[in-house]
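An overview of the molecular structure
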Amino acid sequence: WVACGEAPPLGPVAGQVGPLSAGHPLLVSLRNLRRWYATPGMGEWLHGLRLFSLAMNGYSLAEGRALVEKNCAGLVEAGLLTPPEEGR
């Protein structure tokens, strides 16, 4: 690829930079994170992990949950996520 002056193609998981959609890895991760926070014991365990980015950056458990909810609400409003009560 280098000899041709072109970069190698990225795989579907290796850095998708296209527009956001419901299947985009960032949105899938956010939906998963919301579900994990909502599962009794799982949210607390996840947030307590030393390398979990929200905890590592000083967010409390309540702040982490609120941030996830705020992001989900904004993406629902933008039409990129289905409201949680609709099962997605």
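Our structure is the block above this text.
Thresholds, definitions, all that
- Residues numbered from 1 in each chain as written.
- Predicted model: local features only at pLDDT ≥ 70, side-chain atom pairs only at ≥ 80, totals over all residues.
- Heavy atoms only, no water.
- Salt bridge = Lys/Arg side-chain N within 4 Å of Asp/Glu carboxyl O.
- Helix = DSSP H or I, 4+ residues; strand = E, 2+ residues; numbered from the N terminus.
- Buried < 20%, exposed > 50% of the residue type's maximum accessible area, 1.4 Å probe, protein only.
- Core = buried A, V, L, I, M, F, W, Y, C linked by side-chain atoms within 4.5 Å.
- Contact = heavy atoms within 4.5 Å.

Before going further, it helps to spend a moment on the pattern of salt bridges. Think of it this way: side chains of opposite charge can pair up when their charged atoms draw near. Within the structure shown, the criterion is met by two salt bridges. Taking the shortest distance from any N to any O, the salt bridge between Arg 34 and Glu 69 comes out at 3.1 Å. On the criterion of sequence distance, the pair formed by Arg 34 in helix H1 (residues 25–38) and Glu 69 in helix H4 (residues 61–77) is long-range, its members being 35 residues apart. By relative accessible area, which is 24% here, Arg 34 ends up partly exposed. A salt bridge links Glu 44 to Arg 65; the shortest N-O distance between them is 3.2 Å. Residue Glu 44 is located in helix H2 (residues 42–48), and its partner Arg 65 is located in helix H4; the two are separated by 21 residues in the primary sequence. Taking relative accessible area as the criterion, Arg 65 reaches 30% and is therefore assigned partly exposed.

Counting 11 residues, the largest nonpolar core consists of Leu 27, Leu 30, Leu 33, Tyr 37, Leu 46, Phe 52, Leu 54, Val 68, Cys 72, Leu 75 and Leu 81. For this core, the secondary structure elements donating two or more residues are H1 and H4. Per-element accounting of this core gives the leading share, four residues, to H1. Filtering out sequence-adjacent residues up to four positions away, Leu 27 remains in contact with Leu 20, Ser 21, Ala 22, Leu 75, Leu 80 and Leu 81.

Note on placement: Leu 81 falls in the segment after H4. Each C-alpha atom, one on Leu 81 and one on Val 28, is 9.6 Å from the other, the two residues being 53 residues apart in sequence. Each residue touching Leu 81, except ones within four places of it in the same chain, is listed here: Leu 27, Leu 30, Arg 31, Cys 72, Leu 75 and Val 76.

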